[in-house]
Structures are given as C-alpha cells and as structure tokens.
Amino acid sequence: MQNLLADIRYAARQFRLSPIFSLTAILTLALGIGGTTAIFSLIHTIMVRSLPVANPASLYRVGDGTDCCVEGGPQDRWGMFSYPFFKVIQANTPEFEELTAFQASGNQMSVRRQDTEQLARAVRSEFVTGNYFDTFGIRAFAGRVLSPIDDRAAASPVAVISYHAWKALYASDPSVIGSTFIIEDHPVTVIGIAPPGFYGETLRSDPPDLWLPLQQEPLINGQNSLLHQSISAWLRVIGRVRPGASVTAIGPRLTAILRTWLRNDAGFPAAWIPEIVRLLPRQNIAIVPAGSGVAAMKEDYGRSLEILFGVCGLVLLIACANVANLMLARAMARRSQTSLRIAMGASRARLVTQSLTESVFLSIAGFAVGLIVADFVGRLLLNLVFHSDHLIALDTTPSLPVLAFAFGVSLITAMLFGAAPAWFATRTDPIEALRGVNRSTRDSSSFSRQALLVLQATISVVLVAGAAMLTRSLYNLEGQNFGFEVSHRIEVNLNSPPATYSVDRLNALYPNLERHLRAIPGVENEGLAMYNPLIDNWGEQIVVEGHPKPTFTDNSNSSWDRVSTDYFKTLGQTLLRGRTFNEADNSSSTPVAVVNETFVHRFFPHEDPMGKRFGMDLPENARTFQIVGVVRDAKYTEPQNPTRPMFFVPLLQSVRYANPLMDKLENRSHYIGGVLIESRLNAGVLEPMIKKAMADTDPNLTIINVRTLQQEVNLDFDQQRAVAGLAALFGGIALLLAAVGLYGVTAYAVAQRTSEIGVRMALGADRTTVIRLVLNSAFRKVALGLALGIPLAIGAGRLISSQLYQVAGWDPVALATAIGSLGFAAFLAALIPAARASSIDPMKALRTE
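This structure is a prediction, so every number in the text was calculated from the model and none was measured. (Residues numbered from 1 in each chain as written. Predicted model: local features only at pLDDT ≥ 70, side-chain atom pairs only at ≥ 80, totals over all residues. Heavy atoms only, no water.)

Caption draft 1: Molecular detail of the overall build of the protein. Each helix and strand in the protein was counted, giving 25 helices and 22 strands. A principal-axis box enclosing the C-alpha atoms of the protein has dimensions of 105 × 65 × 55 Å. When burial is assessed residue by residue, the protein has 54% of its 849 residues classed as buried. Here the contacts in the protein between residues at least 6 apart in sequence split such that 83% fall between residues at least 24 apart. Across the protein, 73 positive and 69 negative side-chain charges occur, with their mean positions spaced 13 Å apart. (Helix = DSSP H or I, 4+ residues; strand = E, 2+ residues; numbered from the N terminus. Buried < 20%, exposed > 50% of the residue type's maximum accessible area, 1.4 Å probe, protein only. Contact = heavy atoms within 4.5 Å. Lys, Arg positive; Asp, Glu negative; His and termini not counted. Charge placed at Lys NZ, Arg CZ, Asp CG, Glu CD.)

Caption draft 2: Fine view of a nonpolar patch on the surface. A surface patch of nonpolar side chains, amounting to about 330 Å² of accessible area, comprises Leu317, Ile412, Leu416 and Leu455. Checked against the element boundaries, Leu416 lands in helix H12 (residues 400–425). (Patch = residues over 30% accessible without salt bridge, like charges linked within 9 Å, V, L, I, M, F, W, Y side chains within 5 Å. Areas by Shrake-Rupley, 256 points an atom, 1.4 Å probe, with all protein chains shown as cover. Salt bridge = Lys/Arg side-chain N within 4 Å of Asp/Glu carboxyl O.)

Caption draft 3: Looking closely at the nonpolar core. One finds Val62, Ile183, Leu262, Phe599, Phe614, Phe625 and Phe647 to be the most contacted residues of the largest nonpolar core, which totals 138 residues. Ranked by residue count, the leading element in this core is helix H9 (residues 296–333), at 10 residues. If sequence neighbours within four positions are ignored, Phe647 has contacts with Ile542, Ser558, Ser559, Trp560, Asp561, Ala593, Val594, Val595, Phe599, Phe614, Met616 and Phe625. Leu742, Leu786, Ala793 and Ala818 belong to the second largest nonpolar core, which has 29 residues in total. (Core = buried A, V, L, I, M, F, W, Y, C linked by side-chain atoms within 4.5 Å.)

Caption draft 4: Representation of the packing of aromatic side chains. Inspection of the entire model under this criterion finds 33 aromatic pairs. Seen from their ring centres, Phe81 and Phe85 are 5.8 Å apart, and the 25° between their planes marks the pair as stacked. Grouping residues by exposure puts Phe81 and Phe85 together as buried. Each ring, one from Phe599 and one from Phe603, has its centre 4.7 Å from the other, and the planes form 50°; the classification is tilted. Of the two residues, Phe599 and Phe603 both sit in helix H17 (residues 597–603), 4 residues apart, roughly one turn of that helix. In terms of burial, Phe599 and Phe603 fall into one category: buried. Three or more aromatic residues joined by ring pairs make a cluster, and in this case those are Trp538, Trp560, Phe599, Phe603, Phe604, Phe614, Phe625 and Phe647. Lying over the aromatic face of Tyr501, Arg505 brings its terminal NZ or CZ to 3.5 Å of the ring centre. (Phe/Tyr/Trp six-rings, centres within 6.5 Å; stacked < 30°, edge-to-face > 60°. Lys NZ or Arg CZ within 6 Å of the ring centre and 35° of its normal.)

Caption draft 5: Inspection of the confidence of the model for the protein at higher detail. Confidence in the prediction of the protein, expressed as mean pLDDT, is 85, and 90% of residues score 70 or more. Overall, residues 437–442 carries pLDDT values under 50, and its contacts beyond four positions in sequence, including any with other chains, amount to 9 contacts. (pLDDT = per-residue confidence, 0-100.)

Caption draft 6: Broad picture of helix H15 (residues 503–518). Here H15 spans 23 Å end to end across 16 residues, near enough to the 22 Å set by a 1.5 Å rise per residue. Among all positions in H15, only Val503, Leu506, Asn507, Leu509, Tyr510, Leu513, Glu514 and Leu517 are buried. Along the axis of H15, the buried residues cluster in a sector spanning 165°; they form a single face. Projecting away from the buried face of H15 at angles above 90 degrees are the exposed residues Asp504 and Ala508. Those residues of H15 hidden inside the fold are in contact with strand S13 (523–529), helix H18 (660–668), strand S21 (674–679) and helix H19 (683–697). (Expected span 1.5 Å × (residues − 1). Arc of directions from axis to C-beta.)

Caption draft 7: Local environment of the state of the cysteines. Inspection of the entire model under this criterion finds 0 disulfides. Not part of a disulfide, Cys312 finds its nearest cysteine sulfur in Cys320, a span of 13 Å. (Disulfide = S-S within 2.5 Å.)

Caption draft 8: Region of the structure containing the packing of helix H23 (residues 767–799) against helix H24 (residues 812–838). Running from N to C, H23 and H24 point in directions that differ by 155°, and their axes come no closer than 9 Å. It follows that H23 is roughly antiparallel to H24 by the angle criterion. Between H23 and H24 lies a crossing whose hand is right-handed. Residues Arg767, Val770, Ile771, Val774, Leu775, Ala778, Phe779, Val782, Leu786, Ile790, Ala793 and Ile794 of H23 form the contact with H24, whose participating residues are Leu815, Ile819, Leu822, Gly823, Ala826, Phe827, Ala830, Leu831, Ala834, Ala835, Ala837 and Ser838. A breakdown of the residues in the contact of H23 with H24 according to their chemical character gives 21 nonpolar, 2 polar and 1 charged. (Axes fitted to C-alpha atoms, helices over the stretch in contact; angles between N-to-C directions. Parallel < 35°, antiparallel > 145°, perpendicular 65-115°, else oblique. Left-handed = near helix turned anticlockwise from the far one by under 90°. Nonpolar A, V, L, I, M, F, W, Y, C, P; charged D, E, K, R; others polar.)

Caption draft 9: A look at unusual backbone geometry. For Asp76, which is not glycine, the phi torsion reads 65° and is therefore positive. In this structure, Asp76 sits in the loop between strand S1 (59–62) and helix H3 (83–91). The exposure class of Asp76 is partly exposed, given its relative accessible area of 24%. Positive phi, normally seen in glycine, also occurs at Gln806, with a value near 55°.

Caption draft 10: Geometry of the pattern of salt bridges. Applying the stated criterion to the full structure yields 22 salt bridges. As a salt-bridge pair, Asp64 and Arg77 come within 3.4 Å of each other at their nearest N and O atoms. One end of the pair, Asp64, is in the loop between S1 and H3; the other, Arg77, is in the loop between S1 and H3, with 13 residues separating them in the sequence. Residue Arg77 is classed as partly exposed on the basis of its relative accessible area of 40%. Two residues, Asp585 and Arg579, come together in a salt bridge whose shortest N-O distance is 2.9 Å. Residue Arg579 is classed as partly exposed on the basis of its relative accessible area of 30%. One network of salt bridges, in which partners are shared, links Glu478, Asp718 and Arg721.

Caption draft 11: Spotlight on the side chain of Ser564. Along the chain, the position of Ser564 falls in the loop between strand S15 (557–563) and helix H16 (567–571). A distance of 2.8 Å separates a polar atom in the side chain of Ser564 from the backbone nitrogen of Leu528. Leaving out residues up to four positions away in the same chain, Ser564 has contacts with Glu514, Gly527, Leu528 and Leu651. (Polar contact = N/O pair within 3.5 Å; in protein donor to acceptor, adjacent residues only side chain to side chain.)

Caption draft 12: Broad picture of the side chain of Arg707. Within the secondary structure, Arg707 sits in strand S22 (residues 702–708). According to the relative accessible area criterion, Arg707 is buried, its value standing at 14%. Engagement of the side chain of Arg707 in a polar contact is seen with the side chain of Glu712, the distance being 2.8 Å. Arg707 has contacts with Ile490, Glu491, Asn493, Glu712 and Leu715, leaving out every residue within four places of it along the chain.

Caption draft 13: Geometry of the environment of Pro533. Summarising the element assignment, Pro533 is placed in the loop between S13 and strand S14 (538–544). Classification of Pro533 by relative accessible area gives buried; the value is 0%. With 408 residues separating them in the primary sequence, Pro533 and Ser125 have C-alpha atoms 23 Å apart. When neighbours within four sequence positions are excluded, Pro533 is seen to be in contact with Phe484, Glu491, Tyr567, Leu571, Lys635, Tyr636 and Glu712.

Caption draft 14: A look at H23. Taking 1.5 Å of rise per residue, the 33 residues of H23 would be expected to cover 48 Å, and the 46 Å separating its terminal C-alpha atoms lies within 8% of that figure. Largest kink in H23: about 30°, centred on Gly789, with the proline Pro791 one to four residues after it. Those residues of H23 not exposed but buried are Val770, Val774, Leu775, Ser777, Ala778, Lys781, Val782, Gly785, Leu786, Gly789, Ala793 and Gly797. (Bend = angle between axes of the 7 residues up to and from the residue.)

Caption draft 15: Structural detail: the packing of H3 against helix H7 (residues 250–264). Running from N to C, H3 and H7 point in directions that differ by 145°, and their axes come no closer than 11 Å. With respect to the hand of their crossing, H3 and H7 are arranged in right-handed fashion. Contact with H3, carried on its side by Pro84, Phe85, Val88 and Ile89, involves Leu254, Ile257, Leu258 and Trp261 of H7 and no other residues of that element. Of the residues that constitute the contact of H3 with H7, the class distribution is 8 nonpolar, no polar and no charged.

This is the structure we're talking about:
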C-alpha cells in the first residue's frame, strides 16, 4: 500500500511537471471514453433499462411480435391481439396474478378543457384495461389512477393525464383533477395525474399523455370501434407472474389455443379460412420478459446503435494507440533514469507497477472528462434523431450501470495503452546509465511505436470509409426522386374528425374545408387525403377480376389512400394515362381508382390496366373499383425501400360492402388525416391562417403539426442522418488522432536521426532530398496501414450493408475518400517535421554527438 501511494504521488508529480503531455493524453482518452459511454448509455436505455415500475423482473409480455398496426390476418410471430382473444388469454393463464391489455399504437385525440379552452388540441392517448396501473405497481402523483371499476361499459368516462402533459399543457394547475375535458366531442373527467418519469409501457418518442379505460373505446370511436371485433388485433398484453410460477408452458399452451381460435372463432371471412388453415403451423405466441417494456425502439434503433458503438470502440482503440505512443516517447526520454533505477536495485516488477499506475491515473482523469463528453454526445444524438418529437422518455444522465461501464472501459483502456510502455521499462539495460544514451544505443521502442501508428492508420481507413458510405447513402436517400414535388408544398397533419360524424356529414364538411383553405391568401392549390406521403400507410390484399384468388404469401398487398379531386395536382404527382378524379366521382357514381406504375406491373404485367376492375380482400369484391388512370410512382412510405403498389380512391365516393368488416373499413377510411397545400409562402406565415380556416370550418378539427414537405422528408431520415453525422464526426476524430500520432512518431524519428541528417547534408544532400527522406519514411507506415485497412473497410461495408441505400459495401468513392483523407492528413502531419529536418545546420547536428 505504501508503494502504491508512492506511485500515485509520483505519477501526479510527473503529470504536473508535464502539463502539455498530460492534457493531450487526457483529452485524447476523453474523446474515446466519452463517445463510447454516450452510445452505451443509449443502448442501455433503449435495450436494457427496466421500466420505472414495481418489481420489473416479474413482468412478462404475451407475444413478442413488433408490428404496430396489423388489425387482421395471420401475424406468424404474434404480438397483438383482439379484445375477445385477450379474454381467452386471461382465462387460460393462471400463472399471471395480473394481466393488462393496452393499445399497441396510441392515437391522437381532439381534447379541450371544458369552459376554459375554446379550441381543441391533439393529444396522444392510449386505451388500457382498468388494472393497467395496478399491474405495473404505479401510484398516482395526485388524484387516483384507473381501476377495474372504471373499466366497465356503464362507468362514467374518466381519464388519467401524464405528469408531463399536466406540467407542459396546463401549467401544473391542481384544478385539472376533477375537471371535465371534451375528448372527441365527449365529456370525460380527469381523475388523476401519473407520476413523473412514467411514460407508459413502451419506450418511444411520442408517449401517451392520456390513459383511458378500454371499455370507453366504443364511446370515443363510435361506429369505428374495434373493441368487440374478433378479427381486429390491436392490443398488446403484459402480465405479472405469480411468485414461484413458471412461464415455460404458457407459450405452447396459448399457441395451441390461438390456432384453434383462428380456425373456428376469429371471425375471418369464409373465403380466408382455407388460407388461414394452411398458415396455422407458422402462428406462434412467445412469452418474453417485459421488465424493460415493449421493445419497439430496440427493433427500430438497435442496429444503428450497434454500428455507432463499434465506431466509438475503434476511436477508443486509436486513442489508446496515440496515448501509448506518447507514453513510449516519455519512457524513451526517461530511459537513462530507468536504467539508473535498475542499476540501483529496483525490480522490474516495481517499474512495471509504477508505469501502469501512471496509465491508470491518466485513464481515470480521461474517465472524468469523458463523462462530460458523453453527456454532450448523448444530447447531440438525441437532437439529431428526435428533433421532430421531444423524446422525454430518454435521459442522457449516466446511470449507475453506465458509470460502471465507463469506469471499466477506463481501466481496460489503461491496460491497453499502458502495457507497451510498461513492457519497455523492463527492457532497459542498466549499463546505459553508466555510458549515457548515444547514437550507439538502439531504440527498442521504435518497432512498437511504428506498429501502433500502422494500427491507427488502419482503423482510420475503416472509419472514414464507413462514414463516407453512410454519408453517400444519406445523400442518395434525400436526393432520390420521390415521384412528387417537394418544394413549395406544405402539409398539415390533422387529428381525424370525431368518430361521431357520419360519412354524409364528412362529405358535407370536406368541400367546405377546401373552400376555406382556397380562400387563404397565397394558397395556389390544396388537397385532402386520408394521409399525406411519408406519414402513414394503409394496405390491403388485392383481388383482381378474372385473376386467381391470391394467398397471404404471394405478395398481393397494395397500399392505398383516399384523396380529394386536386390532390395529385397539389402534390405534383404526374398523370401518365387516363384521368384523375373529378366532382362527378361521388357516392352516386361507379367506384373508380387511380393506380401507380408498380400496381400495374404487379397486378397487370401483360395487360392494359385501363378499365380493368379490382377490389380488396375478398373474391366477391373483385369488381369494386374500375381503373380510370395511372400516375407516376411516388414514395408514400419507407423511401429507403422500393416503391409499393398503390391505388387511390375519391374522397367523396363510397362503396357499400355486404361484409360488415369491409363496411367498417370503408367507413373508417373517410376520416381524413392530411391536408396538402401548394404555396410560395413560408409555413410559419401560413400556419395561423390554416388554423383559423380549420376553426371556421369546424372547431373539432385539430391540427397535429404544420410543416413543409421538405421538412417531412428530412425528418424521415433522422436516424440515418444521426448515424452518418456521428460516424463522420468520429471518423474525423480518428483522422486527427492518426495525424497527431504520425506527427509525433515522425518528429521523434527526426530528433533521433539529427546527426545522420547533418552528415547527409554535410556530404551534399539538399533540402528536397531530406524532405523526401522523411516523407518516404512516414508514408511507408501509412501505406502499410492502407494495405491492411482497405480490406477491413470492405468487410465493414458488408457488415453495415443493411443500413446503406444504393451504396455497395466496396464503394470505390468511399474507399477513395478514405485513402485521400488519410493521405492528405499524413502529408500535413509529416511535412512539418520534414521541413524542420531540412533546415538543420549540419555543424550543429554533428556537434550533438
């Protein structure tokens, strides 16, 4: 212990006497440790951290599927269920002491406080069973939470508001509890406030601000209610296992029940049953731990975070190599002192311990500064990925596991960069202390320093090439032809009209809304739609007149949208054949459709589509729509993927289906969620006028957001932009560190060869020859790093190929960028010591012997 304390005091004294060395080493380590810690913090939060609930280890989820919006048909890997099947689950899982169901994807609702708010606002809401809060062990911050008594059809409508919404929207007004709110045109009493830090069971960027009992869903959604539909899977299920109970048998038992249910009781149309039976062996229910909630963000962001974690790990490795080089140079400068210590009896173990103590001291200092870097990088990443939605559920403050990780990384780092100097300390010959260090003394650290430099160059090539690939991929994504005009388009995303509105009322409402929008100064064109591009996606199976009945597995699905007469014109989606919609396409005329090019290629590959008929889901619907036009392909959803087949139907045209499920689907499709405006004016200038037009049309029309279509395109690539931006940032840091390392090694080599260079110049070598000599020596190491790095960069490109768009894993532009960047950085780093070497006075150089 005395030796350890002495070593610590000695290390502190040495670093105090060498402030530039200490600061350089600490900042270098802080970059690597801080970046790695920031990414690990997000990985821990998204993939590992438990929900802020009671005893999260006893929570299990029924089903592990991640689909958010499947409301019918086989899911294979099930994760959502209908309410009737939830009751079946309850009756057949005695292992659970509590079992709660909740809406898989919450929806926006029109909400205003009675008597104090004239205009409604769009608020994210979620339907849950009455035991939802009890299952998670959540108590109210104020008032009370929902109870099973509230979850009855005859119970008074109530809701619980989130702490965040109470604070942000209602300024922490305590009178909110007990107040009446008008939700979707229905009075509901707020009975309590959820505790701070609880954002629901799913980590996401848009957590719910209101929780309502499941039995109120028919009241709110009216004719569009899903509660009692056996075929509609829209609920996720989490339960708390009884103490001592085993979950092993639950999954197989529920899988068997599910398969029987699908065959006999799910309410599928008769035409679907043979196909459902064929797919039964693929239908499974798994029981998975749910202590961290529903892992939706894990699926969405897991791969990107893994890439960034790997990038940061490589930067940390470069930082270790750089500090190791600094430590080796320091050890070389102290070689005579080390030799003298050995000559006086110091053991090699004692010298190694002292060297490693200095390394640990440096690393802990890097850890402390790295926490500041980690907080900065964490906030930067959140702003890059989630600047469209304030992700209140994520916290960049390091938790205890994150701090432990960072400290562990610091100690491992100390071993990595301290090993070489410690080993070098044991290789010193005591005789050097007697004869002094001169030109006859061989620098035994030279090979180690050059090997570390090659390692830095190799990793730099990999990182810069990877960053270039990701950047080119982002450029391709943002610069692709979307099939519609992006400039001068403003989209308004709405909360759908109240479910109490009939289709006839909606058909009268929409033309009135269009008139108000057209009256806004500066509006050139406008259109209404079920949803705007890049916002949502409705999809159904297509049945074509005269074609064989499709199966669920033969790629027969198509997206679709319901749009107003001028929507294509407003969007700038080109008509290729036939016509678009007109005022004659109403509820009294023949149902028509406009399809895109991919729809034609998929369903009419060798036919003229004009006049052909098709329908949705059931064979008897094959004559529903008549094709009257073909429009250019457009990326309405997932722009990183190939264009989907898509068809459009008129906003004011209705279809009467014999099947009640199809009739319900038809009714739901008339509730618009998007408005598109063509205007040269700024979106900020138009927004108040758009809100006034909405309020003048109907005060129950609430706006979620107003933004340009270009902003929507940018927001769609937030994740890719974050990954590419951070990869480029760390690639630049890697280049900088590699350049600093090359400069240090080259400068040290020049200092060691001072007398040799003096002799060469005394014998007639000119400055150009000396510069070439130094540059050649430096670039041999860089060339070796390139030779090792290029194959590794190609391998890394293949590993991240799933994140790339129209970029190959061996992309020549990315590789050329990496080679050029490293070459240029190496040239600048080596040029300074080369120029210094060329200006050496031969006589002074000879006198240094």
